[in-house]
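Chain residues, written in single-letter form:
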Amino acid sequence: MKALKDIIREARLQQGIVLREVASATEIDQTIINKFELGERKPSREQVEKLADFYGLDKDELIIAWKSDLVYNELKDEKLASKILKVAEKKIEYSKKGK
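In short, a report on the structure.

Conventions used here
Residues numbered from 1 in each chain as written. Predicted model: local features only at pLDDT ≥ 70, side-chain atom pairs only at ≥ 80, totals over all residues. Heavy atoms only, no water. Buried < 20%, exposed > 50% of the residue type's maximum accessible area, 1.4 Å probe, protein only. Helix = DSSP H or I, 4+ residues; strand = E, 2+ residues; numbered from the N terminus. Arc of directions from axis to C-beta. Contact = heavy atoms within 4.5 Å. Phe/Tyr/Trp six-rings, centres within 6.5 Å; stacked < 30°, edge-to-face > 60°.

**Quick notes on unusual backbone geometry**
The residue Glu27 is not glycine, and still its phi comes out positive at about 60°. Residue classification places Glu27 among the exposed residues on the basis of a relative accessible area of 70%.

**Details of helix H2 (residues 19-26)**
Residues Leu19, Val22, Ala23 and Thr26 constitute the buried set of H2. Across the axial projection of H2, the buried residues extend over an arc of 100°, all falling on one side. Facing away from the buried surface of H2 by more than 90 degrees, the exposed residues are Arg20 and Ser24. Where H2 is buried, its residues contact helix H1 (4-14), helix H3 (30-38) and helix H4 (45-55).

**A look at the side chain of Arg12**
For Arg12, the location among the structural elements is in helix H1. Note on Arg12: relative accessible area 8%, which makes it buried. Not counting chain neighbours up to four residues away, the residues in contact with Arg12 comprise Ile17, Val18, Leu19, Val22, Glu37 and Tyr55.

**Let's talk about the packing of aromatic side chains**
Applying the stated criterion to the full structure yields one aromatic pair. When the centroid spacing of 5.1 Å and the interplanar angle of 70° are considered together, the rings of Phe54 and Tyr55 count as edge-to-face. Given a relative accessible area of 6%, Tyr55 falls into the buried group.

Given below as structure tokens:
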């Protein structure tokens, strides 16, 4: 269960790529990518998809890591987090049945 920031940093380092190259290829500012890797800023879905394409990572897996980070950050200090997640899951299932 790695955080998005760890996944993209590890991918970059394993491929021996500098931030400048990532920025040029993805059209995302180098400073912003650095902040993604440090966990100081959260990317948009479009940026996550660009990074997945650039690094050759599974897009769905990277989106799951990104969204789960967002949910975790929202609920990490909430004592009712598990119950909230269960209710949210039920709401999602219910809404899908209505379609």
